[in-house]
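Letter by letter, the chains look like this.
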Amino acid sequence: RYPASLAHLDYHADLALIKIDDFELGQTLEPLPLGEPITIDDKFEIWQIGSSELVERFTGHVQKVWPSVCHLRLTTKANLSDTGNGQVVLKDGKLVGLVYQTNSRRQEASILSLETIKHYLEDYDSGKYRGFGAGGVWYVKLLRDDLRDYFEAPEDVHGVAVTRVLKNRTGDGV
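Residues numbered from 1 in each chain as written. Predicted model: local features only at pLDDT ≥ 70, side-chain atom pairs only at ≥ 80, totals over all residues. Heavy atoms only, no water.

(A) Expanded view of the overall build of the protein. On a plain count of helices and strands, the protein comes out with 3 helices and 10 strands. When the helices and strands of the protein are listed from N to C terminus, the series reads β-β-α-β-β-β-β-β-β-α-β-α-β. Residues classed as buried in the protein amount to 30% of the 174 residues present. A separation of at least 24 residues holds for 45% of the contacts in the protein among residues at least 6 apart in sequence. Accessible surface, the protein as shown: approximately 12,000 Å² in total, 52% of it carbon and sulfur. (Helix = DSSP H or I, 4+ residues; strand = E, 2+ residues; numbered from the N terminus. Buried < 20%, exposed > 50% of the residue type's maximum accessible area, 1.4 Å probe, protein only. Contact = heavy atoms within 4.5 Å. Areas by Shrake-Rupley, 256 points an atom, 1.4 Å probe, with all protein chains shown as cover.)

(B) Molecular detail of the environment of arginine 144. Within the fold, arginine 144 resides in the loop between strand 9 (137–141) and helix 3 (145–150). Sequence separation between arginine 144 and histidine 158 is 14 residues; the distance between their C-alpha atoms is 8.8 Å.

(C) Focus on the pairing of strand 8 (residues 108–113). Burial runs high along strand 8: 6 of the 6 residues are buried. Of the two faces of strand 8, both are covered, the one formed by Glu108, Ser110 and Leu112 as well as the one formed by Ala109, Ile111 and Ser113. Both strand 7 (residues 94–103) and strand 8 contribute to a ladder of 6 bridges, which runs antiparallel. Looking at the pairing, threonine 102 lines up with alanine 109 of strand 8. The hairpin turn running from strand 7 into strand 8, its antiparallel successor, is 4 residues long, and glutamine 107 in that turn takes a positive phi close to 55°. (Pairing = 2+ DSSP bridges.)

(D) Up close: the nonpolar core. Residues Ile38, Phe44, Ile46, Val62, Val89, Val96, Val99, Ala109 and Ile111 constitute the largest nonpolar core, which totals 9 residues. For this core, the secondary structure elements donating two or more residues are strand 3 (43–49), strand 7 and strand 8. Among the nonpolar cores identified, the runner-up in size contains 7 residues, and Ala13, Leu15, Tyr120 and Phe132 belong to it. (Core = buried A, V, L, I, M, F, W, Y, C linked by side-chain atoms within 4.5 Å.)

This is the structure:
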């Protein structure tokens, strides 16, 4: 355990940078090199600190890839415990993601992609952190008959109904 302080935090992206308070220790540590983005069926290792405070290694592979508000999410099957977030995802010894959610019952983990991590680091390094864009659009899926009735959508229409749009966001004016 090393004394450290928070250098930057983005609640929306679930990412933070820490600064190690011991200058000499900080000089001896090297950051993990960044790898290449992973995708469906890629195999990798997940490292986490176990209850014995030793590094535990698990293997996994990408099952699903889907975009969300500010993440490219990857889902994997892996034998992880629900010990928290922040486990590193490595392929060929290089960082390719961070676990941000685990479900030990289903043996699944959700992973922040390398693209999300790179965007965060590059934006922070620019000196003008702008974060992750959000569309500012609220919607409901028209999957149920009662919702289609409420929004007066034809019976054969599925999709979404936009319920709110924030001004000066990506969705404004569309």
